[in-house]
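Chain and residue survey
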Amino acid sequence: LADEIRRAETVVALTGAGISAPSGVPTFRGDDGVWEHFDEGQFTYGRFQRDPAGFWDDRVALHRDLFGEEYEPNVAHEALAELGRDGHLEAICTQNTDGLHLDAATGVGGDGDSSQSHSSTDANATGSETTVLELHGNAQRVRCQECGARTDADPIYDRAENGELPPTCDCGGIYKPDVVLFGEQLSGAAIQRAQALARESDVFLAIGSSLVVTPAASLPRTAAATGATVGIVTLEETPLDDVADVCCRRDVTDVLPRLSSLVTRDLSR
Ligand code: APR
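Residues numbered from 1 in each chain as written. Predicted model: local features only at pLDDT ≥ 70, side-chain atom pairs only at ≥ 80, totals over all residues. Heavy atoms only, no water.

Labelled according to an unreviewed UniProt entry, the protein chain appears under the name NAD-dependent protein deacetylase, originating from Natronolimnobius baerhuensis.

**Here's the deal with the overall build of the protein chain**
As a reminder of what qualifies: Under the scheme used here, helices are H or I runs from DSSP no shorter than 4 residues and strands are E runs no shorter than 2 residues, and both carry numbers assigned from the N terminus. Each residue is assigned to one of three classes by its accessible area relative to the maximum for its type, calculated with a 1.4 Å probe on protein chains only: buried under 20%, partly exposed between the two thresholds, exposed over 50%. Each accessible area value is a Shrake-Rupley result obtained with a 1.4 Å probe; residue values ignore everything except the protein chains displayed when judging cover.
Counting its regular elements, the protein chain contains 11 helices and nine strands. In the protein chain, which comprises 269 residues, the proportion classed as buried is 50%. For the protein chain, the accessible surface area stands at approximately 11900 Å², while carbon and sulfur atoms represent 44% of it.

**As for helix H6 (residues 75–85)**
For clarity, the threshold we go by: Polar contact is defined as a pair of N or O atoms within 3.5 Å, subject to the rule that within protein one atom must be able to donate a hydrogen and the other to accept it, and that residues adjacent in sequence are counted only when both atoms are side-chain atoms.
Among the residues of H6, those classed as buried are Ala76, His77, Ala79, Leu80, Ala81, Leu83 and Gly84. Where H6 begins, the capping side chain belongs to Asn74, and its oxygen is found 2.7 Å from the backbone nitrogen of Ala76.

**As for the side chain of Thr97**
Selection rule: Residue contacts are defined here by distance: any two heavy atoms, one from each residue, within 4.5 Å place the two residues in contact.
Position of Thr97 among the secondary structure elements: in the loop between strand S2 (91–94) and helix H7 (100–106). Ignoring any residue separated from it by four or fewer positions in sequence, one finds Thr97 in contact with Phe67, His136, Gly137, Asn138, Ala139, Gln140 and Val179.

**Overview of the site of the ligand**
Keep this limit in mind: Here, proximity means that at least one heavy atom of the residue falls within 4 Å of the molecule or strand. Method remark: on a 1 Å grid restricted to protein atoms, a set of points is classed as a cavity if a 1.4 Å probe fits but cannot get out and as a pocket if it is open with protein on both sides within 12 Å along at least five of seven lines; lining residues have an atom within 4 Å of a point. Cavity and pocket membership follows a simple rule, namely that a molecule belongs there if more than half of its atoms are within 2 Å of the grid points. Each residue receives one of three labels: charged for Asp, Glu, Lys and Arg, nonpolar for Ala, Val, Leu, Ile, Met, Phe, Trp, Tyr, Cys and Pro, and polar for the others, Gly being one of them.
Around the ligand lies a shell of 22 residues, among which Phe28, Arg29, Ser209, Ser210 and Glu236 are the nearest. At 3.3 Å from a nitrogen atom of the ligand is found a main-chain nitrogen or oxygen belonging to Leu235. Taking 730 Å² as the accessible area of the ligand by itself, protein coverage stands at 93%. Among the cavities detected, the one that contains the ligand is the largest pocket. Of the residues belonging to the shell around the ligand, the class tally is nine nonpolar, nine polar and four charged.

**Comments concerning the pairing of strand S4 (residues 137–144)**
What counts here: A pair of strands is labelled paired if DSSP reports no fewer than 2 bridges between them.
The buried fraction of S4 is high, at six of eight residues. As paired elements, S4 and strand S6 (residues 175–179) share four bridges and run antiparallel to each other. Residue pairing across strands places Cys144 opposite Tyr175, the latter belonging to S6. In this sheet, strand S5 (residues 150–152) lies alongside S4 in antiparallel orientation, the contact comprising three bridges. Across the sheet, the residue bridging to Arg141 is Asp152, located in S5. The hairpin formed by S4 and S5 contains five residues between the paired strands, and Gly148 there has a positive phi angle of roughly 80°.

**Some words on the pattern of salt bridges**
The criterion, for reference: The salt bridge definition used is simple: a Lys or Arg side-chain nitrogen within 4 Å of an Asp or Glu carboxyl oxygen.
Scanning all chains against the criterion turns up 11 salt bridges. Where Arg47 meets Asp58, a salt bridge forms, and the shortest distance between an N and an O atom there is 2.4 Å. With Arg47 in helix H4 (residues 45–50) and Asp58 in helix H5 (residues 52–67), the pair connects residues that are 11 residues apart, well separated along the chain. When its relative accessible area of 11% is taken as the criterion, Arg47 is described as buried.

**Structural notes on the UniProt feature "active site" (unreviewed entry) in the protein chain**
Heads up, the condition is: UniProt positions are given in the numbering used here, feature names are shortened, and annotations may be inferred rather than shown by experiment.
As recorded in UniProt, the sites labelled "active site" (unreviewed entry) are His136. Structurally, the position occupied by His136 is in the loop between strand S3 (131–134) and S4. The class of His136 is buried, set by a relative accessible area of 13%. Discounting chain neighbours no more than four positions away, the residues touching His136 are Thr94, Gln95, Thr97, Asp178, Val179, Val180, Leu186 and Val213. Within the structure, the side chain of His136 is placed 3.2 Å from the backbone oxygen of Gln95, a separation counted as a polar contact.

So this is what it looks like as structure tokens:
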């Protein structure tokens, strides 16, 4: 895979909860996954629209469970950032809402438009940039459903925890976590951008995702259909293993630093 990446014109990565698991962020499925402790049905877009107060009341507990502590990027995030700095990674399409790719790439938290394509540029020696697409948005922010204003999520969760259900914007609009909820359409821009990247890619890496949630889970198939070499790195099987050229059943913290150092090592030595 390292040679393919070094030779590739366009390398794209799709990441899921598994890349942040070593940082301590809970994953969603598998033993002790988030959906073992919380009912997905309480967090659908339909419920948010029907019963915003009840949605927010339940959401506080989920947010505290998922993001109750400050997380740091781990060596797998850093390895992808290093590939980007060396001009070997066109884009990271992440399903994660923890913002850790942005922290690893730029050393600062994310900002700007969520669930749209959010690009943090990681300028590097060859001048190319790595785009970070937050397909499912960013849980560190909330967004007003009326005026669209975005603000930091933590103070709003505090207000909800103190009984402001649902928390509202100064304009009177209801805040929504700035993430894509089950049953909510991903913004067209984000998924179209991700599908275009998958089609353009010569190498497509699916890292730390169970690949069961669409439309993200369709991207490796799109990439394979247009001739890309597909690599999957997860601890368990995925429904797209038959699509992959390479399946690594290894920990991201083992595989990615090795892959990055093989690709970026100075060949002139
Ligand atoms: N190294 C490699 N793979 C890992 C590691 C690790 N250290 N830890 C976990 N994994 C793998 C698991 O084997 C699993 O395949 O990461 C995957 C995590 O799968 P999920 O928990 O389903 O996470 P994800 O695929 O990101 O879920 C997609 O579902 O609930 C929604 O919106 C939510 O974005 C999320 C989406």
